[in-house]
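Notes for the structure review
Here's the letter readout for the chains.
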Amino acid sequence: MFACWPCSPSSYQPRLSLGASSFPPRLYCPQRQGVRMKYFAYGSNMDVAQMAIRCPGAPVQANAELNDFRFVINSRGVASIVDAPGSVVHGVLWEISPADERTLDRYEGVREGLYSKTTVTVETSVGIVDDVLTYAATDSNAGPPRSGYQEKIVAAARSHELPSGYIEELEGWTNLA
């Protein structure tokens, strides 16, 4: 059984390989009740309007970079991240509540096994942030994006003023369709 960092620091693995079978389940922990946490969004959850519906009151903290990972659209047509030494995924750091986390779990299909949760370390303009929640799809096979999905991600990336070269990379996923 896995628990959160405060409950079981010796058995918790904050940085995991993103293979489909490498994510242990992350259980809701009573010691975290009421504690806000950081969440790294790199796909459609970068969209402020979408997050206002999913996680009302969750503020954007900063733009952030996840090093040694690469953005992909998987065969289900949704965003994910995969291990890729030397690569960078740009995204948005949010501050969420435990209730927000449970809502995101439902939207991301954690129970159904569509996405898994892990913690990562990200970089912001003011420094390194550890123990940041993110989601990765359990299917890492590349595919074309769902209709309108990629456009939403690109628009969100532009609204957060992510690097132009990275936005071009996001736009390039249409070539797989």
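Each chain carries its own residue numbering, running from 1 in the written order of its sequence. Side-chain atom pairs in this predicted model are given and counted only at pLDDT of 80 or more, local residue features only at pLDDT of at least 70, and totals for whole chains, interfaces and linings cover all residues. Where side-chain values are given, they derive from all heavy atoms of the structure, hydrogens and water being excluded.

Another point: the environment of R70. Only runs of H or I of at least four residues qualify as helices and only runs of E of at least two qualify as strands under DSSP, and these elements are numbered from the N terminus. Among the secondary structure elements, R70 is positioned in strand β2 (residues 60-73). Partly exposed describes any residue whose relative accessible area lies between the buried limit of under 20% and the exposed limit of over 50%, with all areas from a 1.4 Å probe on protein chains only and scaled to the type maximum. When its relative accessible area of 36% is taken as the criterion, R70 is described as partly exposed. By the convention used here, residues are in contact when the closest approach between their heavy atoms is within 4.5 Å. With near-sequence residues (within four places) excluded, R70 lies in contact with S80, I81, V82, A84, S87, V89, E169 and W173.

The next point concerns the side chain of T134. When you line up the elements, T134 lands in strand β5 (residues 127-137). On the basis of relative accessible area, T134 is assigned to the buried category, the value being 1%. What qualifies as a polar contact is a pair of N or O atoms within 3.5 Å, subject to a donor-acceptor requirement within protein and to the restriction that residues adjacent in sequence count only when both atoms come from side chains. A polar atom in the side chain of T134 sits 2.9 Å from the backbone oxygen of F40. Sequence-distant contacts of T134, that is, excluding residues within four places in its chain, are made with Y39, F40, Y42, I81, S116, K117, T118 and V120.

Take the side chain of S44 next. Checked against the element boundaries, S44 lands in the loop between β1 (37-41) and α1 (48-54). Among the residues examined, S44 registers a relative accessible area of 10% and is labelled buried. In terms of polar contacts, S44 uses its side chain to reach the side chain of Q50, at 3.1 Å. Beyond its immediate stretch of four places on either side in the chain, S44 contacts Q50, Y149, K152 and I153.

Two strands make a pair as long as DSSP finds a minimum of two bridges between them. Summarising the sheet, strand β4 (residues 115-124) and β5 pair through 9 bridges and their orientation is antiparallel. Bridging across to β5, T119 finds its partner in L133. The antiparallel pairing of β4 with β5 creates a hairpin that spans 2 residues between the two strands.

All right, on to helix α4 (residues 164-171) then. By the burial criterion, the buried members of α4 are Y166, I167 and L170. An end-on view of α4 places all buried positions within 100° of arc, on one side of the element. Along α4, exposed side chains directed more than 90 degrees from the buried face belong to S164 and E168. Regarding the arc, it is the one traced by the directions from the helix axis to the C-beta atoms.

Let us look at the nonpolar core. We call a set of buried Ala, Val, Leu, Ile, Met, Phe, Trp, Tyr and Cys residues a nonpolar core when their side-chain atoms join them within 4.5 Å. Core analysis: the biggest nonpolar cluster contains 44 residues, and Y39, F71, V89 and V122 have the highest contact counts within it. At 8 residues, the largest contribution of residues to this core is made by strand β3 (residues 79-96). What F71 contacts, discounting residues up to four positions off in sequence, is Y42, A79, S80, V89, I153, Y166, L170 and W173.

Moving on: the pattern of salt bridges. Any carboxyl oxygen of Asp or Glu within 4 Å of a side-chain nitrogen of Lys or Arg constitutes a salt bridge here. Taken as a whole, this structure holds 6 salt bridges when the rule is applied. Among the ionic pairs, K117 bridges to D105, the shortest N-O distance being 2.9 Å. In this pair, K117 sits in strand β4 while D105 sits in helix α2 (residues 98-108), placing the two residues 12 residues apart along the sequence. Judged by relative accessible area, which is 18%, D105 ranks as buried.

What follows is about the confidence of the model for the chain. Each residue carries a pLDDT score, the predictor's confidence in it, ranging from 0 to 100. Confidence in the prediction for the chain averages 84 pLDDT; 79% of positions are at 70 or higher. This stretch, residues 1-31, has a pLDDT under 50; its non-local contacts, to residues over four places away or in other chains, come to 55 contacts.

Helix packing for two helices is described by the angle between their axes and how far apart those axes are. Put simply, helix α3 (residues 149-159) and α4 touch, their axes get as near as 9 Å, and they point 175° apart. Considering the angle they form, α3 stands roughly antiparallel to α4. The segment α3 lies against α4, with Q150, I153, V154, A157 and R158 engaging I167, L170 and E171. Residues are grouped as follows: nonpolar covers Ala, Val, Leu, Ile, Met, Phe, Trp, Tyr, Cys and Pro; charged covers Asp, Glu, Lys and Arg; every other residue, Gly included, is treated as polar. Residues belonging to the contact of α3 with α4 are distributed by class as follows: 5 nonpolar, 1 polar and 2 charged. Between the N-to-C directions of two axes lies an angle of 0 to 180 degrees, each axis being a line fitted to C-alpha atoms and, for a helix, fitted only over the stretch in contact. If an angle is under 35 degrees, it is roughly parallel; if it is over 145, roughly antiparallel; if it lies from 65 to 115, roughly perpendicular; otherwise it is oblique.

Moving on, we get to α3. Among all positions in α3, only Y149, Q150, I153, V154, A156 and A157 are buried. When α3 is viewed along its axis, its buried side chains cluster within an angular range of 160° and face the same direction. On its buried face, α3 is in contact with β2, β3, β4 and α4. Two residues or fewer past α3, E161 is found with a positive phi of approximately 55°.

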